[in-house]
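Per-entry structural report
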Amino acid sequence: MNHLVPLPVLLPLFGAGLKLAIGGRLPRGQRLISVGVLTAVLGVAIALLVAADRDGPVVARVAGWPAPTGIVLVADRLSALMLVVSCAVTLGVLVYSIGQGRADEDEATPLSVFHPTYLILVAGVANAFLAGDLFNLYVGFEVLLAASYVLLTVGGTAARVRAGAGYVVVGLLSSVVFLSAIAMVYAATGTVNLAQLAVRLPEVDPGVQLVLESMLLIGFGVKAAVFPLSAWLPDSYPTAPAPVTAVFAGLLTKVGVYAIIRVQTLLFPDGRLRELLLVVAAATMIIAILGAIVQSDLNRLLSFTLVSHIGYMVFGIALASAAGMAGTVFYAVHHITVQTSLFLVAGLIERRGGSTDLGRLGGLARMSPALAVLFFVPAMNLGGIPPLSGFLGKWLLLRAGAEIGSSAAYVLIGAAVATSLLTLYAMARVWGQVFGSSPDASGATAYSVAASLSGRDVVATSSALPRAMTLASGALVAVGVAYTVLAGPLVALTDRTGAELVGRSAYIEAVPLPGGFARGANR
Amino acid sequence: MIFSVASYFVVAAIAPWLVRRLGRNAFLVLAALAVATTGWALTRATSVFDGRPVVESREWIPQQGVSLAFRCDALALLMVFLAAGVGVLVLVYCARYFAADEPGLGAFAGVLVAFAGAMIGLVTTDDLILLYVFWELTTVFSYLLIGHRSEHRGSRRAAMQALTMTTFGGLAMLVGLILLGQTAGTYLLSEILAAPPGGTLVTTAIVLILVGALAKAAIVPFGSWLPAAMAAPTPVSAYLHAAAMVKAGVYLVARLAPGFAELDPWRPIVLIAGCATLLLAGWRALREDDLKRVLAYGTVSQLGLLTAVTGAGNRDAALAGIAMLIAHALFKATLFLVVGVVDHAAGTRDLRRLSGLARTMPITCLAAVVAALSMAGLPPTVGFVAKEAVYEAFLHRGRTDTVVLGVLVAGSALTAAYSLRFVWGAFARKPGVPTTRCEPAGALLLGPALLLGAGCLALGLAAGALDHWISSYADLFPSTGSDYHLALWHGPGIALNLSAAAICVGVVLFLAREPVLRLQSATARIEPSRLYDALVRGVDRSALQLTGTTQRGSMPVYVGVILLSLIAIIAATALGNLPLPFPRSPRWSDSAAQLVVCLLVIGTTLIAAGTRGRLPAVLLVGVTGYGCATLFVLQGAPDLALTQGLVETVSVVVFLLVLRRLPRRFGDTTRPGRRVVHIVLGALTGAVLAGVAVSAFAARTRPPVSRAFAAAAEEAGGKEIVSVLLVDIRAWDTMGEIAVLAVAAIGVTSLIFVRRDRALPRLGDRAPDQPARGPRPVAAETLVPERRTVVFEMVARVVFPTVLVLSLYFLFSGHSTPGGGFAGGITAGLALLVRYLAGGRYELAEAAPLPAGRLLGAGLVIGAGTGLVGLIAGGSALRSTVIDGTLPPFGDVHIATSVFFDIGVYLLVVGLVQDVLSALGAELDRRIEQTRDQDAERTVIV
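All values derive from a computational prediction rather than experimental measurement.

All right, on to the overall build of chain B then. Regarding its fold elements, chain B presents 36 helices and four strands. Relative to the globule expectation of 30 Å for 942 residues, the C-alpha radius of gyration of chain B, 43 Å, shows a markedly less compact shape. Dimensions of chain B along its principal axes, counting C-alpha atoms only, are 125 × 80 × 60 Å. Counting across all 942 residues of chain B, residues that qualify as buried make up 56%. Taking the intrachain contacts of chain B between residues at least 6 apart in sequence as the baseline, contacts between residues at least 24 apart amount to 79%. Of the roughly 38500 Å² of accessible surface on chain B, a fraction of 66% belongs to carbon and sulfur atoms. In chain B, 74 positive and 58 negative side-chain charges are present, and the distance between their average locations comes to 8 Å.

What follows is the structure, encoded as structure tokens:
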């Protein structure tokens, strides 16, 4: 089983190399490679999840060197679960983008830029999830960020380049903070191996520990888009093509959340920054959702809801209990799927209605009932309508908060509930605007304070939606619904994940360290 | 029960298809489902009303104690009868109410059936979480049903208002349910009610749950959504807003009352909110001209009554409350359906324009009159039976109950008045209004209203049976000794007198309608729905302001916030906590040379930050890079120094190439004040990080892992630690980094080539403008003469192979001496660079025989490939082994297999440099020439 661990990184990189070498020829082959690679990675990820859940973390020592000299890759429940979900989502988005590419064949799609970069992005995400080494985690981040810089500016329109420039600057800055933090961690402990850090950090002066924790949180906080480090996100995501925005929204912030979970549980289990995290969680939820309700562009609105719901995940992390972590993990799984689906559907809406400007859209429910269903289900899911997974995640988090029972936790519960209401309000407004009103009705933007002042043009309606795009969106929406049907096993899994994270020992013991509990040494 | 609830959702899913096949008659098929449920309820009725509930349970999320638990007791069964029974009639009614070509009818039918399922689930579930699930589902479905005519703005607003207000309550309720479930240790309603927990937390929980119940039942202060929701089609009003959904709130109050009515805040909340609603909405109903809105306010008013009575928390009140609930569902559904019939026939619902309908629609009128009698509380209807019971429940008790009784009688007077107003408004002949012309209504449209009206009468006559059905619920409360029983005629008494008084006052109010209307306009200042609008606008406006503040859209601000957060959090956590172990006589440097280099680097950085010219900035940043390389040398790391130096060289040249297309100076838009802020922020960040570094190093307690590297390198068969680290020990990192390089190359190509002809770049394409292969010297001759330096060209050509050989040497010797794939690749890249600088882009194309994309791809394939091969062969990715052997011409060879990985790195780096040169060098050349040619042409034309 250890053999499988490096594959989620190696296979996409190999595929990307092949694609580069092939170049623009054989578009069919290009598509086959991408789909094949991602399907294989999904299979590997599922195998890893099963193994990690049954027998504990699966550890691979790259190049055969033992930790802490060499790099280890660790697939515990959290890593494997995130990997499975991210692979499923990236596969869905890939099919969608292929559908889009086929439909736009005349306009010369950015196939040979998009596909290899996309695969490298997947490799980076997988590496970040699997890294058992702080510096390698950084490398994983760099790979996915570098790929995201390219994807964000695909097509090179002025708006994208402008948005991309800001995104790159913020991305680099956060990387510098992260890198400095790694240097400081190494300075204080003499190691970057996560399992060893878990052992060594408690020996370090508590003041230094706290500073290291703070620095790492800032670095990850920017990537996860936690308030006040989140303002860059709604300014950069919406301009990208639909599949790119979708995969960014689903995955990239969640890698940041993953890193926060990992560091907070494994390295700094004391949770001394718990109060700070609670405040940050509340601020992220409320401020971003208030941002969402005044947006007049669908993609921008969705970007704000994305930031807002990161707050839910931080909420669970801040509780620092097994139930809280379980809730966060469940919520992350839900949110990756749902937010991606919504951005994909937004892409469909743009195709069908000719715009993402809420003021220009209208009457789509009659024009395309299937699209209406595709939007309504994930929209309600995001709005936390039961029995959909958004509700289940929220419920788990609220429960975990009530179990802690501190006054701060109750304030957080209030903030979470208010956010849920405002999310529903925002989504219902979109629904009414985009699917309800007839496009030629005037004054439809009743509540849209920030509605664009431009006149309401006749809405362009392109021909039928490409089938692959609709199917891919539908599949992701269905996955979101499946979380409800399979809630029993899924919640059981996230509960075990939360317990494993807070328990810590499974991870530490799985990595053979000198003087530690060695297991399966082969060098 | 699980099956029958689930069947609604399944049928809902196929309803659109049914409607497409059968048109509006599909509703008749759908009604069969509700008939089946009613039948099921009938078969269970005997045992359930005798106190033996039907119980069913299945697992859902066992870890969290949530199950698909259903429990159908007397209260639930009565609610099922209402939901399913009225559901049958409403569905039948729908089959004729809608026009055959009504748009969106399929979706409407599906949602209506799904709503019925959710409603039945809501009243039968025994699990708090599942209760919330159905609760919110009814909210969402009602949102869709209210917004059915979504092209009307009013419909959408009404739907939105209903959604936000009931969800607000729902979320409060969710928190309450969670707290309740947690304190009780179970989510099973029956277990909680069997042994109700206590404490502050439970009190909070119950208050929150009541908020949800009141919001759903449209009780003050949540009352405004229901009248607005009258924008819905009439069947929806009859079903959701009379018989089913709004009753969910009352149901929950009734459900919880046996366990929690004794809690302190319970009675004040339900009684005050209920009574206030009863009076305010009843008064308001006397003002409306739209028949449907008369009924809507009447409904709100009655829901207030129901909440107060069922929440009162004693046996008789419970009996009376449920009887009233059933009575209300029957008469209000009848009246709504009647309004629909009238609207259908006459084309209006405005009571000022309707006249003489009693003549033309006698049967409809009959149904309406019977229902109105029930609403006003006149015998022999069920409304009378229930109202007598209500009065009786509040008689002979404490002072509070007497006050409540007064309010109830006043409310009944108002009810009687608007009942009269309704019948008069719909059917009477009014002086000065021409008789309304109307079309006859069909049997399917009229039938449901008549049946429901008959129900009002039948249940009144069968009051004894009704008493039996409700009593097993009412007996959950402690007996008072002299238990009241429902009956059509209790004989004269105070209750009957009160009824008579209420009716009389009601008649007076109706007769005095002109003065009442004048008084109304005086009290009409406070409009609840305007409050909602103001609230929404307030939220929107403050959201806009807040977002304007937090979302500046300015990169410097975002960067500043990040740095400020970093400084702030470190300062906050470190202050007082962080040991700053400054020794007495700190050692500032290891050597004088180090000190000098450091100062040089710092100085250069400062100047670079201050300069306004792009060229000096690039060069100065380059100097800092070389400074770092020197520091590496001084530290004894020639390998790092070599790589750093090479990278720096290539970067500077590439920057210079880019600068050709940029303005010479930075845009100077920063205000001086901002500059100061930036400088302070930068300086602070540096100082804070330096402080952290000092204390972090001082905090180290264990030896660093790097101690083991020398031995590890030895074991790996190499002498160069850095190289072994890069391609063996931490080769995994290197692989990530080459992926970054590959992406960087793709990115450069993507950005530079995309705008040329809107065709998107193909990395595997040949280098741009690569000419067909020709005689060698041609390439350089394409340059304009003044840019040619023959000597440079010749030297470049001569040196080129030598440098390539050197790069290969670096590549293969990396394991033992400074070098490695990365350094080798850059060296080869430099060779290309020199060729390009000497001979221009055609020379570059000649020097690079392979397209950049091919090199990049090959590099990545080889890099990841060695990983895969290692996995297959050695059991671990990128694992390296040393092969020693003799190769005849070379003698002894000593090869670590990691060299293959290094070859991948080498190829990739060469590919990157070539790509960057062709994009930022050659492509920019071409554009510059193009611009120049165009300028030249323009000059010629001029």
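Before going further, it helps to spend a moment on the confidence of the model for chain B. Residue and element names in this part refer to chain B. Mean pLDDT over chain B: 87, with 92% of residues reaching 70 or higher. Overall, residues 755-778 carries pLDDT values under 50, and its contacts beyond four positions in sequence, including any with other chains, amount to 53 contacts. Two summary scores accompany this predicted model of the complex, namely pTM at 0.93 and ipTM at 0.92.

Right, let's talk about the interface of chain A and chain B for a bit. Often, the extent of an interface is quoted as the loss of accessible area upon association of its parts. Chain A puts 141 residues into the contact, and the matching count from chain B is 124 residues. Taken together, both faces of the contact between chain A and chain B bury some 11100 Å²; the carbon and sulfur share is 72%. In this assembly, chain A and chain B are joined by three salt bridges. With a shortest N-O distance of 2.7 Å, Arg730(B) and Asp133(A) are connected by a salt bridge. Here chain A is connected to chain B by 25 residue pairs in polar contact (both at pLDDT 80 or more).

All right, on to helix α13 (residues 291-311) of chain B then. Residues and elements named next belong to chain B. Over its 21 residues, α13 runs 30 Å from end to end, which matches the ideal 30 Å to within 8%, given 1.5 Å per residue. Within α13, 20 of the 21 residues are buried, leaving the element largely enclosed by the surrounding structure. Taking the backbone nitrogen of Lys292 as reference, a side-chain oxygen 2.9 Å away marks Asp290 as the first, capping residue of α13. Just downstream of α13, Gly313 is the residue with a positive phi angle, here 80°.

All names here are of chain B. The contact between helix α10 (residues 234-243) and helix α14 (residues 315-346) brings their axes to 9 Å, and the two run at 165°. Compared by their axis directions, α10 and α14 come out roughly antiparallel. Pair α10 / α14 crosses with right-handed handedness. Of the residues in α14, those in contact with Thr234, Ser237, Ala238, His241, Ala242 and Ala243 of α10 are His328, Ala329, Lys332, Ala333, Phe336, Leu337 and Gly340. Looking at the contact of α10 with α14 residue by residue, the classes come out as seven nonpolar, five polar and one charged.

The next subject is the side chain of Arg255(B). Residues and elements named next belong to chain B. When you line up the elements, Arg255 lands in helix α11 (residues 245-260). Arg255 gets classed as buried once you look at its relative accessible area, which sits at 9%. The residues touching Arg255, leaving out its near neighbours within four places in the chain, are Asp73, Leu75, Ala76, Val123, Leu189, Leu193 and Tyr473.

Inspection of the entire model under this criterion finds 26 salt bridges over all chains. Where Arg421(B) meets Asp289(B), a salt bridge forms, and the shortest distance between an N and an O atom there is 3.3 Å. Of this pair, Arg421(B) sits in helix α18 (residues 399-427) while Asp289(B) is found in the loop between α12 (266-285) and α13, placing the two residues 132 residues apart along the sequence. Accessibility expressed as a relative area gives 4% for Arg421(B), which makes it buried. Residue Asp483(B) pairs with Arg315(B) through a salt bridge whose shortest N-O separation is 3.5 Å. On the criterion of sequence distance, the pair formed by Asp483(B) in the loop between α20 (463-474) and α21 (494-511) and Arg315(B) in helix α14 is long-range, its members being 168 residues apart. The partly exposed category is assigned to Asp483(B), whose relative accessible area is 27%. Taking relative accessible area as the criterion, Arg315(B) reaches 1% and is therefore assigned buried. A network of salt bridges, in which partner residues are shared, links Asp53(A), Arg77(A), Arg496(A) and Glu500(A).

With that settled, consider the environment of Ala99(B). One can find Ala99(B) in the loop between α3 (74-97) and α4 (105-124). On the accessibility criterion, Ala99(B) (37% relative accessible area) is partly exposed.

Residue and element names in this part refer to chain A. Taken over all residues, the pLDDT of chain A has a mean of 88, while the share at 70 or more is 91%. Contacts for the low-pLDDT stretch residues 105-111, under 50 throughout, to residues beyond four places or in other chains number 15 contacts. Contacts for the low-pLDDT stretch residues 441-462, under 50 throughout, to residues beyond four places or in other chains number 47 contacts.

Parameters at a glance
Residues numbered from 1 in each chain as written. Chains lettered and ligands numbered in written order. Predicted model: local features only at pLDDT ≥ 70, side-chain atom pairs only at ≥ 80, totals over all residues. Heavy atoms only, no water. Helix = DSSP H or I, 4+ residues; strand = E, 2+ residues; numbered from the N terminus. Rg over C-alpha atoms; globule rule 2.2 N^0.38 Å. Buried < 20%, exposed > 50% of the residue type's maximum accessible area, 1.4 Å probe, protein only. Contact = heavy atoms within 4.5 Å. Areas by Shrake-Rupley, 256 points an atom, 1.4 Å probe, with all protein chains shown as cover. Lys, Arg positive; Asp, Glu negative; His and termini not counted. Charge placed at Lys NZ, Arg CZ, Asp CG, Glu CD. pLDDT = per-residue confidence, 0-100. Buried area = accessible area lost by both parts, 1.4 Å probe. Salt bridge = Lys/Arg side-chain N within 4 Å of Asp/Glu carboxyl O. Polar contact = N/O pair within 3.5 Å; in protein donor to acceptor, adjacent residues only side chain to side chain. Expected span 1.5 Å × (residues − 1). Axes fitted to C-alpha atoms, helices over the stretch in contact; angles between N-to-C directions. Parallel < 35°, antiparallel > 145°, perpendicular 65-115°, else oblique. Left-handed = near helix turned anticlockwise from the far one by under 90°. Nonpolar A, V, L, I, M, F, W, Y, C, P; charged D, E, K, R; others polar.

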